[in-house]
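One-letter residues, chain by chain:
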Amino acid sequence: INQVLLHQPDLQEKKIKKVLFTQPNYAWFEGRSWKMLPYGLGVLNACIKGQYNSDILDPGLNNMSENDVSEYLKREKPDVVCLSSVSTESLRHLRCLADLIKKNLPDCITVMGGALPTTVLTIAMKIQNIDFWIIGEGEDRFLQLLNELDKPNPDFSSIDGLAYYKEGTPQINPSNGYLKDLDAIPFPDYGGLNILEYGNKLLKYSLLVPRQFPYAI
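Residues numbered from 1 in each chain as written. Predicted model: local features only at pLDDT ≥ 70, side-chain atom pairs only at ≥ 80, totals over all residues. Heavy atoms only, no water.

Undergrad: Explain the overall build of the protein chain to me, and be specific about the residues and the numbers.
TA: Across its full length, the protein chain carries seven helices and seven strands. Starting at the N terminus and walking to the C terminus, you meet the elements of the protein chain as α-β-α-β-α-β-α-β-α-α-β-α-β-β. Taking the intrachain contacts of the protein chain between residues at least 6 apart in sequence as the baseline, contacts between residues at least 24 apart amount to 70%. Accessible area for the protein chain stands at about 12,500 Å²; split by element, carbon and sulfur atoms hold 53% of it. (Helix = DSSP H or I, 4+ residues; strand = E, 2+ residues; numbered from the N terminus. Contact = heavy atoms within 4.5 Å. Areas by Shrake-Rupley, 256 points an atom, 1.4 Å probe, with all protein chains shown as cover.)

The following block contains the structure:
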């Protein structure tokens, strides 16, 4: 046990103290509600466990209002917020969520991943109050970004599949492809979420996975 503890990173020395993964409440703006386990956010959360303190907020689970989300952000004060969505139709919701984050936490670093920046990056990069966009799979890229942000003089040019602005000019690092070994991806860690709340009375659950369906190839 002592040997394992000796190899654990000193979280107290990190500039980034807390990371939050979240998505919009899709019922905002009279939209349809999506009540399903945030699998993608859970996987990303698992990928950084042990290296950064992190948690997941799903505003749609208990139908949180914009004010509810604002109060949560002010209370928890994450240093980095990674936001995503299950569909490109949630552009308005993502813009609203990004605005809420920066309004309540002006110094917070915001990162967007998921369907929107992967499929329509030019539109995603027009959303104000986002600092970085991840193109494609984020399991490795997001951790690389966090590690770079934690350095005194970060250099983002070596992270593939990353987009950002530098002195007002868009910087887009091309993606090097897809993960080769999907078995190496950890099981999702849903943090403080109560996954039982996602089931119906028969304890049946809806799950939307972010990769291709096996029989659609």
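Undergrad: I'd like a description of the pattern of salt bridges, backed by residues and values.
TA: In the structure shown here, the tally under the stated rule is six salt bridges. Between E71 and K74 there is a salt bridge, with its nearest N and O atoms 3.0 Å apart. Of this pair, E71 and K74 both sit in helix α3 (residues 66-76), three residues apart, roughly one helical turn. Assessed through its relative accessible area of 37%, E71 is described here as partly exposed. Taking the shortest distance from any N to any O, the salt bridge between E148 and K151 comes out at 3.2 Å. A relative accessible area of 39% means that K151 is categorised as partly exposed. Bridged by salt links that share partners, the residues K18, R75 and E76 form one connected network. (Salt bridge = Lys/Arg side-chain N within 4 Å of Asp/Glu carboxyl O. Buried < 20%, exposed > 50% of the residue type's maximum accessible area, 1.4 Å probe, protein only.)

Undergrad: Quick rundown of unusual backbone geometry? Include the residues and the values.
TA: Not every positive phi belongs to a glycine, and N63 is a case in point at roughly 55°. Exposure remark for N63: the relative accessible area of 52% places this residue in the exposed category.

Undergrad: Break down the packing of α3 against helix α4 (residues 91-104) for me, citing the residues and quoting the values.
TA: Relative placement of two packed helices is described by the angle separating their axes and the distance separating the axes. Packing of α3 against α4 brings their axes to within 9 Å, and their N-to-C directions diverge by 40°. By the angle between their axes, α3 is oblique relative to α4. The hand of the α3/α4 crossing is right-handed. Residues E66, V69, S70, L73 and K74 of α3 form the contact with α4, whose own contacting residues are C96, L97, L100, I101 and N104. For the contact of α3 with α4, the class distribution of residues is six nonpolar, two polar and two charged. (Axes fitted to C-alpha atoms, helices over the stretch in contact; angles between N-to-C directions. Parallel < 35°, antiparallel > 145°, perpendicular 65-115°, else oblique. Left-handed = near helix turned anticlockwise from the far one by under 90°. Nonpolar A, V, L, I, M, F, W, Y, C, P; charged D, E, K, R; others polar.)

Undergrad: I'd like a rundown of the sheet that holds strand β6 (residues 162-166), residues and numbers included.
TA: Spatial ordering of the open sheet is given by β2-β1-β3-β4-β5-β6-β7, a layout of seven strands whose pairing is mixed. Looking at which strands have only one partner, the edges of the open sheet turn out to be β2 (54-57) and β7 (169-173). On average, each strand axis in the sheet is inclined to that of its neighbour by 20°, with strand direction left out of account. Relative to the sheet, helix α7 (residues 141-149) contacts β1 (19-22), β3 (80-83), β4 (109-112), β5 (132-134) and β6, its axis offset from that of β5 by approximately 155°. (Pairing = 2+ DSSP bridges.)

Undergrad: Can you lay out α3 for me, pointing to particular residues and giving the numbers?
TA: V69, S70, Y72 and L73 are the residues of α3 that are buried. All buried residues of α3 lie within an arc of 160° about the axis, which places them on one face of the element. Looking one or two residues past α3, K77 carries a phi angle of roughly 50°, positive in sign. (Arc of directions from axis to C-beta.)

Undergrad: Quick one: what's the story with the environment of M64, residue by residue and with numbers?
TA: One can find M64 in the loop between β2 and α3. Taking the relative accessible area as the measure of exposure, M64 reaches 16% and is therefore buried. Sequence separation of M64 and A27 is 37 residues, and the distance between their C-alpha atoms is 9.3 Å. Each residue touching M64, except ones within four places of it in the same chain, is listed here: N25, W28, L57, P59, V69 and Y72.

Undergrad: Tell me about the packing of aromatic side chains, residues and numbers included.
TA: In total, this model carries five aromatic pairs according to the counting rule given. For the pair F132 and Y164, a centre-to-centre distance of 5.9 Å together with 50° between the ring planes defines the contact as tilted. Of this pair, F132 sits in strand β5 while Y164 sits in strand β6, and the two are 32 residues apart along the sequence. Judged by relative accessible area, which is 7%, F132 ranks as buried. Of the residues examined, Y164 reaches a relative accessible area of 8% and is grouped as buried. Among the aromatic residues, ring-to-ring pairing joins F132, F156 and Y164 into one connected group. When the ring centre of F29 is taken as reference, the NZ or CZ atom of R92 above it lies at 3.8 Å. (Phe/Tyr/Trp six-rings, centres within 6.5 Å; stacked < 30°, edge-to-face > 60°. Lys NZ or Arg CZ within 6 Å of the ring centre and 35° of its normal.)

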